[in-house]
Structures are given as C-alpha cells and as structure tokens.
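Structural characterization, general
Each chain is listed here by its residues.
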Amino acid sequence: MRVLAIGINYAPDLIGVAKYNTELCEALVAQGHEVRVVTAPPYYPDWKIAPEYRSGWYSRERLNDVDIIRAPIYVPRRPSGAKRLLHHASFLLSAVIPLFATAIRWRPDIVFAVAPSLLSAPIAALAARMTGAASWLHIQDLEVDAAFELGMVRTSASMRRLVLGVERRILASFDRVSTISPQMINCLLQ
C-alpha cells in the first residue's frame, strides 16, 4: 500500500508523538509498504528548530526508507495558548501544498493524520477524498480537552460548544479514528 502520513512531529524530535510517528512509518516500510510523510522540522523539546533544519523553506529527506517533506513552521520561543495556536496554524498552512501535491501525484491508498496537530487533520481528510484514498485519524493527545483544562482557550459555554462542535466535525470527516487508550476512546465518544 501507499501511505501518506501527516503529523507535526517526526524524528529526530524528542517527544512521544514523534517516536510514535517515526516507528509506525518505519514499521510500515519494513512490511513492504511505501510511506511518505509531511511534517515540520524538528523543534522539540527546545522549542527551537534544530540548526541543520533551519531553512525557512520546504526540505526533503529520506530516513530509513521513509520519504519526508518538512514544511516550515512558526515556533514560539515561549509557547502560550495563543502562540501554540499560531504554531499549529502555521503547520496547517505550510503543509497544505506538499500534502495535496503528494496526494494528487502519488495517489496514496491511505491518508493517515496524527493529532497533534488536530488543526491540520481536515486537510488530510480532504486530500483523501480528493484522491479516493481511505482517511484515518489517530489521536495521541486530546488537544481540545487539554486546551480547556489548561485554560488555553476561553471557557465560556458558547466557546466550548463551538470548539467541541468543530472537533466533532473533524472526527466525523475521517473513515476511521483511533487513539491510544480505552479512556481516550470514551472521551472521544462523549
């Protein structure tokens, strides 16, 4: 199969979601599948893009037989709620072109999105629909719940309903949604 994956973190980032994304893609390649990834340059845990990845433009590399396109992003020095939102929005905007171009030219069987970043998930669902591929969203982190719990998003009832409604629409736009634990499945079902 051809698998096109999108996720904001990938090796050599030092965060759990990068480890997950990298190991999943490499395992798929080891099983004979072709995998291409759209991701950001590594920036975590320092919240600073690694010097060898600082270009301000798109870059390509091949790591362990996985083809990777790195899209430029805004990385805040001190991430606050608003700055994190801008950070994820910048990935959404910069990932659109390489994701759609790869999907249209390469014609994947599956478009696989990993949240974080949930904000970029809708473009994965759209790329899958445009090319007839299956769409799959895997949730590593309940970003919306965390944003409310940490006070990163205003907690007025109407804002909460709006944001949860958007999240629900994003989840419903995928053929398959998965996550990492039964507790997270229950949160998503609610």
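Every residue gets a number counted from 1 within its own chain, in the order that chain's sequence is written. Residue-level local features of this predicted model are given only where pLDDT is at least 70; pairs of side-chain atoms are given and counted only at 80 or more, and the full residue set underlies all totals for whole chains, interfaces and linings. Values shown for side chains rest on all heavy atoms present in the structure; no hydrogens or waters enter the calculation.

Some points on the pattern of salt bridges
Where side chains of opposite charge bring their charged atoms close, a pairing between them can arise. By salt bridge we mean one thing: a side-chain nitrogen of Lys or Arg within 4 Å of a carboxyl oxygen of Asp or Glu. Going through the model one piece at a time under the given rule, you end up with 6 salt bridges. As a salt-bridge pair, K19 and E23 come within 2.5 Å of each other at their nearest N and O atoms. Highlighted residues: K19 and E23, both in helix α1 (residues 16-30), separated by 4 residues, approximately one helical turn. Accessibility here uses a 1.4 Å probe with only protein chains present; expressed as a share of the type maximum, an area under 20% marks a residue as buried, one over 50% as exposed, and anything in between as partly exposed. Since its relative accessible area comes to 43%, E23 is described here as partly exposed. In this structure, D67 engages R36 in a salt bridge whose closest nitrogen and oxygen atoms are separated by 3.9 Å. Of this pair, D67 sits in strand β4 (residues 66-70) while R36 is found in strand β2 (residues 34-39), placing the two residues 31 residues apart along the sequence. Classification of D67 by relative accessible area gives partly exposed; the value is 27%. Residue class for R36 comes out partly exposed when judged on its relative accessible area of 28%. Through salt bridges with shared partners, a single ionic network connects R36, R62, D65 and D67. Numbering of helices and strands runs from the N terminus; a helix is a DSSP stretch of H or I covering at least four residues, while a strand is a stretch of E covering at least two.

Some thoughts on empty space enclosed by the protein
Gaps left between atoms show up when a probe the size of a water molecule is rolled over them. Using protein atoms alone on a 1 Å grid, points that fit a 1.4 Å probe yet trap it form a cavity, whereas open point sets bounded by protein on both sides within 12 Å along at least five of seven lines form a pocket; residues with an atom within 4 Å of a point count as lining. Grid points are joined across faces, edges and corners, and a volume is the space filled by probe spheres set on the points. Under the criterion given, the structure shown has 2 cavities of 30 Å³ or more. Its boundaries defined by the atoms lining it, the largest cavity holds a volume of some 60 Å³. If you go around the largest cavity, the residues you meet are A5, I6, G7, N9, Y10, N21, L24, C25, V37, T39, F112 and V114. Among the elements of the structure, β1 (2-6), α1, β2 and β5 (110-115) are those that each provide at least two residues to the lining of the largest cavity. Of the residues forming the lining of the largest cavity, the biggest block, 3 residues, is contributed by α1. Here the term charged refers only to Asp, Glu, Lys and Arg, the term nonpolar to Ala, Val, Leu, Ile, Met, Phe, Trp, Tyr, Cys and Pro, and the term polar to all other amino acids, Gly among them. For the lining of the largest cavity, the per-class residue count stands at 8 nonpolar, 4 polar and no charged.

Some details on unusual backbone geometry
The omega torsion of the bond from Y44 to P45 falls at 20°, within 30 degrees of zero and hence cis. Along the chain, P116 connects to S117 via a cis peptide bond; the corresponding omega equals 20°. You will see that W47, though not glycine, has its phi angle at about 50°, which is positive. Here W47 lies in the loop between β2 and β3 (59-63).

Some words on the pairing of β3
We treat two strands as partners when DSSP finds at least two bridges between them. As paired strands, β3 and β4 are joined by 5 bridges and run antiparallel to one another. Looking at β4, one finds that R60 is bridged to I69. Between the antiparallel neighbours β3 and β4 lie 2 residues, among them N64 with a positive phi of about 50°.

Topic: a positive patch on the surface
Any residue with relative accessible area above 30% and no salt bridge may belong to a patch, with like charges joined within 9 Å and the nonpolar Val, Leu, Ile, Met, Phe, Trp and Tyr side chains within 5 Å. For the area figures, the Shrake-Rupley method with a 1.4 Å probe applies, and any residue is considered shielded solely by the protein chains shown. When charges are counted, Lys and Arg contribute as positive and Asp and Glu as negative, whereas His and the chain ends are disregarded. Where a charge sits is defined by one atom per residue type, namely NZ (Lys), CZ (Arg), CG (Asp) or CD (Glu). A contiguous patch of positive charge, built from K48, R54, R77, R78 and K83, is present on the exposed surface. Note on placement: R54 falls in the loop between β2 and β3.

Here's the deal with α1
The span one expects for a helix is its residue count, reduced by one, times 1.5 Å. Across its 15 residues, α1 extends 21 Å between first and last C-alpha, which sits within 8% of the 21 Å expected from 1.5 Å per residue. Listed as buried for α1 are V17, A18, N21, T22, C25, L28 and V29. Projected down its long axis, α1 shows its buried positions confined to an angular sector of 135°, all on one face. In α1, the exposed residues that point more than 90 degrees away from the buried face are K19 and A30. Residue contacts are counted whenever heavy atoms from the two residues lie within 4.5 Å of one another. Check the buried side of α1 and you find it contacts β1, β2, β4 and β5. Following α1 by one or two positions, G32 adopts a phi angle in the positive range, close to 100°. Think of the arc as the fan of directions from the helix axis to the C-beta atoms.

Note that every value here comes from positions in space, so none of it alone points to a role or purpose.
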